[in-house]
Amino acid sequence: MERIGVFPGSFDPVHNGHLDLVSRAAPLFDRLYVAVLNNEAKAALFTVDERLGMLRELFRDTPGVEVESFSGLLVDFAAKVGAQAMVRGLRGVADFDYELQMTLMNRHLRPQVETLFLMPRGDLVHLSSRLIKEVCSLDGDVSGLVPELVGEQLRSRLRKR
Ligand code: PNS
């Protein structure tokens, strides 16, 4: 049986912590979907298509990693692609309550799909898309925190504001 995983998120934008988690999760599955939530109710810096474009470029040469968007319930997307598990990153205790709630709700909705947690590399635990956008908007240096192509898009988007 093919092992299929889903790594969901907003990815607004993707940063090096996400990339580290994908590099840890991908070898655990035959196919890993990086799944971008399409949520029109939530204001985002980048459109879903822009986020998909950046992710597809970054994982162009990564076998077994596919990039898709989803709307609606995550467990429904997981069922649609035949995933046995969803992967989330845990950076520290601050993430824990939210992740526990989400995991238990997803388990309630679809007990067949397991949620796995992975910790990022220690020097990446302080990264979040929200803080990276804030730093960049205040002209801080985000190199080393995001891939170069994301840094370029961040600077050009935030400079226009
Ligand atoms: O990167 P994020 O913003 O922490 O990712 C959150 C995400 C996309 C995983 C979460 O909001 C989600 O799964 N949304 C889909 C809607 C859903 O399934 N809600 C019920 C689960 S508790």
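To be clear, the structure that these remarks concern was listed above.
Residues numbered from 1 in each chain as written. Predicted model: local features only at pLDDT ≥ 70, side-chain atom pairs only at ≥ 80, totals over all residues. Heavy atoms only, no water.

*Asks:* Help me understand the pairing of strand E2 (residues 31-37) in this model?
*Replies:* A regular strand places its side chains on the two faces of the sheet in alternate fashion. With respect to burial, E2 is a largely interior element, five of its seven residues being buried. You can see the chain leave strand E1 (residues 4-9), run along helix H1 (residues 16-25) and come back into E2, and the turn it takes is right-handed. Pairing analysis gives six bridges linking E2 to strand E3 (residues 65-70), with the strands arranged parallel. The residue of E3 that forms the bridge with Ala35 is Glu68. Viewed along the sheet, the connection from E2 through helix H2 (residues 48-58) into E3 turns out right-handed. (Buried < 20%, exposed > 50% of the residue type's maximum accessible area, 1.4 Å probe, protein only. Helix = DSSP H or I, 4+ residues; strand = E, 2+ residues; numbered from the N terminus. Right-handed = clockwise from strand over helix to strand, strands pointing away. Pairing = 2+ DSSP bridges.)

*Asks:* Could you clarify how one ought to interpret the packing of aromatic side chains in this entry?
*Replies:* Aromatic rings in a pair are described by how distant their centres are and how their planes are angled relative to each other. Applying the stated criterion across every chain yields a total of three aromatic pairs. Taken together, a centroid distance of 5.6 Å and an interplanar angle of 65 degrees make the contact between Phe7 and Phe11 edge-to-face. Classification of Phe7 by relative accessible area gives buried; the value is 3%. Overall, Phe11 belongs to the buried group, its relative accessible area being 3%. With a centroid separation of 6.0 Å and 90 degrees between ring planes, the pair formed by Tyr33 and Phe77 is classed as edge-to-face. Pair noted here: Tyr33 is in strand E2 and Phe77 is in helix H3 (residues 74-80), with a separation of 44 residues, a long-range link. Exposure remark for Tyr33: the relative accessible area of 7% places this residue in the buried category. Given a relative accessible area of 5%, Phe77 falls into the buried group. Through a chain of ring-to-ring contacts, three or more aromatic side chains come together here, namely Tyr33, Phe70 and Phe77. (Phe/Tyr/Trp six-rings, centres within 6.5 Å; stacked < 30°, edge-to-face > 60°.)

*Asks:* What's the story with empty space enclosed by the protein in this structure? I'm lost.
*Replies:* The gaps of empty space that remain are located by a probe, the size of a water molecule, rolled over the atoms. Going through the model one piece at a time under the given rule, you end up with one cavity of 30 Å³ or more. Considered as a void within the structure, the largest cavity measures approximately 40 Å³ in volume. Along its surface, the largest cavity is lined by Leu74, Met86, Arg88, Glu99, Met102, Thr103, Asn106 and Thr115. For the lining of the largest cavity, the elements supplying multiple residues, two or more each, are strand E4 (85-89) and helix H4 (93-109). Top element by residues in the lining of the largest cavity is H4. It accounts for four residues. A class-by-class count of the residues in the lining of the largest cavity yields three nonpolar, three polar and two charged. (1 Å grid on protein atoms, 1.4 Å probe; cavity = no way out; pocket = protein on both sides within 12 Å on 5 of 7 lines; lining within 4 Å. Points joined across faces, edges and corners; volume = space filled by probe spheres on them. Nonpolar A, V, L, I, M, F, W, Y, C, P; charged D, E, K, R; others polar.)

*Asks:* Is there a simple way to think about unusual backbone geometry in this case?
*Replies:* What you tend to see is this: most non-glycine residues have negative phi, and most peptide bonds are trans. Cis geometry is adopted by the peptide bond preceding Pro13, which originates at Asp12 and carries an omega value of 0 degrees. When you line up the elements, Pro13 lands in the loop between E1 and H1. Of note, the phi angle at Phe11 is positive, near 50 degrees, even though the residue is not glycine. Here Phe11 shows up in the loop between E1 and H1. For Asp139, which is not glycine, the phi torsion reads 70 degrees and is therefore positive. If you trace the backbone, Asp139 turns up in the loop between helix H5 (129-137) and helix H6 (148-159).

*Asks:* Looking at this structure, how should I read the pattern of salt bridges?
*Replies:* Two side chains carrying opposite charge are able to pair once their charged atoms lie near each other. Following the criterion strictly, the structure yields 14 salt bridges and no others. One salt bridge connects Asp30 with Arg3, and the closest N-O pair in it is separated by 3.4 Å. Residue Asp30 is found in the loop between H1 and E2, and its partner Arg3 is found in the segment before E1; the two are separated by 27 residues along the sequence. Measuring nitrogen to oxygen at the nearest pair gives 3.8 Å for the salt bridge that ties Glu68 to Arg56. Here Glu68 is found in strand E3, whereas its partner Arg56 is found in helix H2, with twelve residues between them in sequence. Each of Asp12, Arg51 and Lys133 takes part in one network of salt bridges that share partners. (Salt bridge = Lys/Arg side-chain N within 4 Å of Asp/Glu carboxyl O.)

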